[in-house]
Amino acid sequence: QVQLVESGGGLVQAGGSLRLSCATSGITFSMNAMGWYRQVPGKQRELVARISSGGATNYADSVKGRFTISRDNAKSTVYLQMNSLKPEDTAVYYCNAERTVPRSLRWGQGTQVTVSS
């Protein structure tokens, strides 16, 4: 059974930090690109950061220099370190696992991040 379980969300003041984790099971983690996305009510889910199976990263312009994505293949876990948080970072954050061969896309259930001003 495939599971992606996010944790680490919560309420933080502007300027603070949070570290999100996404623990996976049931997938060959090392063969998957892992991504963090976020969504606010009424808007489309947007990419925050992505890390390839080889470790290459890319970030949304809005989080560059503040957020860092990393992965631990031994623990089948991906992380998102979020620093200098802003109220506009408030959203539900989702992790996903994407594999091209064979094609698969899996999502976690999401974790709420709320940044107060």
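Note: the structure precedes this text.
Residues numbered from 1 in each chain as written. Predicted model: local features only at pLDDT ≥ 70, side-chain atom pairs only at ≥ 80, totals over all residues. Heavy atoms only, no water.

**Student:** Can you break down the overall build of the protein chain residue by residue, with the values?
**Tutor:** The helix and strand inventory of the protein chain stands at zero helices and eleven strands. Secondary structure of the protein chain in N-to-C order comes out as β-β-β-β-β-β-β-β-β-β-β. By the compact-globule yardstick of 13 Å for 117 residues, the protein chain fits well, its C-alpha radius of gyration being 14 Å. Along the three orthogonal principal directions, the C-alpha set of the protein chain runs to about 45 × 25 × 25 Å. Among the 117 residues that make up the protein chain, the fraction classed as buried is 39%. Put simply, of all contacts in the protein chain between residues at least 6 apart along the chain, 54% involve residues at least 24 apart. Computing the positive centroid from 13 side-chain charges and the negative centroid from 7, the protein chain places the two 5 Å apart. (Helix = DSSP H or I, 4+ residues; strand = E, 2+ residues; numbered from the N terminus. Rg over C-alpha atoms; globule rule 2.2 N^0.38 Å. Buried < 20%, exposed > 50% of the residue type's maximum accessible area, 1.4 Å probe, protein only. Contact = heavy atoms within 4.5 Å. Lys, Arg positive; Asp, Glu negative; His and termini not counted. Charge placed at Lys NZ, Arg CZ, Asp CG, Glu CD.)

**Student:** Tell me about unusual backbone geometry, and name the residues and values.
**Tutor:** A cis amide bond links Val101 to the next residue, Pro102, at an omega of -15°. Along the chain, Pro102 falls in the loop between β9 (91-99) and β10 (104-107). In this structure, Ser84 is a non-glycine residue whose phi angle is positive, near 50°. Position of Ser84 among the secondary structure elements: in the loop between β8 (77-82) and β9.

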